[in-house]
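# Examination of the molecular architecture
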Amino acid sequence: MTKPRERKSVSEWNGESIQAGESRDVKLAVSESYSSMTVNIPIHIRRAVEEGPVVFVTAALHGDEINGTGAIRELVQDTDFHLLRGSVIFVPVLNLLAFDRHSRYLPDRRDLNRSFPGTANGSLASRMARIIFKEIVSRCDYGIDLHTASVRRTNYPNVRGDMTNPEVQRIAKAFGSEIIMNGKGPAGAFRREACNSGCPTIIMEGGEVWKVEPGIVESAVRGVRNVLRDLKMLEGEPESPDYQVVVNKSTWVRAERGGFLKFHVKPGDIIEKDQPIATNTTLLGRERSMLYSPFDAVVIGMTTLPAISPGEPICNLGMLPKGTKPSQVRRFRSEEDGLEGQVVEELSTNLFVVEPNEETHNQEQSGNVEPKTFRR
């Protein structure tokens, strides 16, 4: 059940008034550094003349995930970005203490994205979370939070949200990603707690840490614009892909043994059950076994580190909905001449992808070498 919440006006910040039709850079004090310096996160407020929804767009909640930072900078600096109604709160770096350390986590080693809605007398993370919630989320009707994969991984662009919430479903579909991951998110997560407070929020995942990747930035910029268009805050209609898949189940395929991997798929690939994902080899290249897909799937994310030990995650697979055939989805993808295909190719440059060895595959099927394996 949605909890009642106190709404703050977007027109008042730190005693300053931001009138309808104005744009203003402001700062939000969220903590203090070890040297007693106030930690201010930079925020850009843009208001239309006409009243309407208030939307926050945030990035770098994990301080090393800066693709979203690049996207927000593009939007803020775009001279053609004119709101028809409502307001947007842009926050390029939400977790400044972690960002300054090139780290996912705060100096107290806590994950800010597990600390919401926060408390006034708790840990550093909890106190920051409370201020962010009070000063940003409480002003907004919708939220978009931009993320990347964690360290040594990469993600194909996808949107995540609780599709049982009609307004979350609305903006998740409007964002325009091919892949939507259905779920509320873990306890204490920013988007989950924002939804619980009455502010429907989605996240986008795409790319790697410590990078600003052109295709991922373009995907995020397009997605934010799409949501604002759907809310009638920008001119035009949302740009939609030829297909969208809502994924209700995903799993990480994990290594059974240590070794050095040869990858056979890349982020964004649409694959079939029992299709080879990677071959495990020795350091001299001797093949040991293959990893296979347990079901028809889209490759949501992958490790970018080929050296692995038993149990390490290799590939994050999103199960295709029942009745959705991989060949059908691949056909839509092949007919697209746009951003989605560009992103697949760009992300594949971070991996060494080769065709599987058919001899090894055939030997596994005949029982002459280790059988096909996958670990969920």
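Quick note: structure is the one above.
A short tour of the structure in this document, coming up. This is a predicted model, so every value here is computed, not measured. (Residues numbered from 1 in each chain as written. Predicted model: local features only at pLDDT ≥ 70, side-chain atom pairs only at ≥ 80, totals over all residues. Heavy atoms only, no water.)

## Things to note about the nonpolar core
Heads up, the rule is: The definition of a nonpolar core used throughout is a set of buried Ala, Val, Leu, Ile, Met, Phe, Trp, Tyr and Cys residues joined through side-chain atoms within 4.5 Å. Relative accessibility under 20% of the residue-type maximum defines a buried residue, over 50% an exposed one, and the middle range a partly exposed one, all with a 1.4 Å probe and only protein chains included. Runs of E in the DSSP output that reach at least two residues are strands. Runs of H or I that reach at least four are helices, and both are numbered from the N terminus. What makes two residues a contact is simply this: any of their non-hydrogen atoms within 4.5 Å.
Residues V55, V57, I144, L146, F175, I202 and L228 are the most contacted members of the largest nonpolar core, which totals 49 residues. With seven residues, helix α6 (residues 214-230) is the largest single contributor of residues to this core. Leave out the neighbours within four places in its chain, and I144 touches V55, F56, V57, T58, F175, T201, I202, V224 and V227. In this structure, V10, V30, L112 and F190 belong to the second largest nonpolar core, which totals 34 residues.

## What to know about the packing of helix α1 (residues 67-77) against α6
Put simply, the rule reads: As a rule, the C-alpha atoms of each element are fitted with a line to give its axis, helices using only the stretch in contact, and angles between N-to-C directions run from 0 to 180 degrees. Each angle is binned into one of four classes, with values under 35 degrees roughly parallel, values over 145 roughly antiparallel, values of 65 to 115 roughly perpendicular, and all other values oblique. We call a crossing left-handed when the near helix sits turned anticlockwise from the far one by less than a right angle, and right-handed when that turn is clockwise.
At a minimum axis distance of 8 Å, the contact between α1 and α6 shows a crossing angle of 55 degrees. For the element pair α1 / α6, the angle class is oblique. Here the hand of the crossing between α1 and α6 comes out right-handed. Of the residues in α6, those touching α1 at N67, G70, A71, E74 and L75 are I216, V217, A220, V221, V224 and R225.

## So, the environment of G198
Structurally, G198 is set in the loop between α5 (190-196) and β10 (201-207). G198 sits 60 residues away from S138 along the chain, and the two C-alpha atoms are 9.0 Å apart.

## What to know about the packing of α6 against helix α8 (residues 339-348)
What counts is decided by this rule: Lys, Arg, Asp and Glu make up the charged group, whereas Ala, Val, Leu, Ile, Met, Phe, Trp, Tyr, Cys and Pro make up the nonpolar group; the residues left over, Gly among them, are polar.
Orientation of α6 relative to α8, taken along the N-to-C sense of each, is 150 degrees, at an axis distance of 9 Å. Taken together, the axes of α6 and α8 are roughly antiparallel relative to one another. Of the two possible hands of crossing, α6 and α8 adopt the one that is left-handed. Each of P214, G215, I216, E218, S219 and R222 in α6 lies in contact with α8, whose residues at this interface are L339, E340, Q342, V343, E346 and L347. Looking at the contact of α6 with α8, its residues break down into five nonpolar, three polar and four charged.

## What to know about the sheet that holds strand β16 (residues 287-292)
How we decide: Two strands qualify as a pair provided DSSP detects at least 2 bridges between them.
Read from one edge of the open sheet, four strands run β16-β15-β13-β18, paired in antiparallel fashion. Two strands close off the open sheet at either side, each with one partner strand: β16 and β18 (307-308).

## Notes on the packing of aromatic side chains
Quick reminder of the rule: Each Phe, Tyr or Trp ring, with Trp reduced to its six-membered ring, pairs with another whose centre is within 6.5 Å; inter-plane angles below 30 degrees give stacked pairs, above 60 give edge-to-face pairs, and intermediate values give tilted ones.
For the coordinates displayed, the defined rule picks out four aromatic pairs. Here the aromatic rings of F81 and F90 are separated by 5.8 Å at their centres, their planes lie at 65 degrees, and the arrangement is edge-to-face. Each member of the pair F81 and F90 is classed as buried. An angle of 40 degrees between the planes, with centres 6.0 Å apart, marks the rings of F116 and F133 as tilted. With F116 in the loop between α2 (96-99) and α3 (124-135) and F133 in helix α3, the pair connects residues that are 17 residues apart, well separated along the chain. Note on F116: relative accessible area 5%, which makes it buried. Overall, the relative accessible area of 12% leaves F133 in the buried class. Here the aromatic cluster, defined as three or more aromatic residues joined through ring pairs, consists of F56, F116, F133 and F190.

## Section: unusual backbone geometry
Cis geometry marks the peptide bond from F116 to P117, where omega comes out at 5 degrees. One non-glycine residue with positive phi stands out, namely H102, at about 50 degrees. Looking at where H102 falls in the secondary structure, it is placed in the loop between α2 and α3. Its relative accessible area of 59% is what places H102 among the exposed residues. Located in the positive-phi region is R152, a residue other than glycine, with phi close to 65 degrees. With respect to the element layout, R152 can be found in the loop between β7 (142-147) and β8 (153-161).

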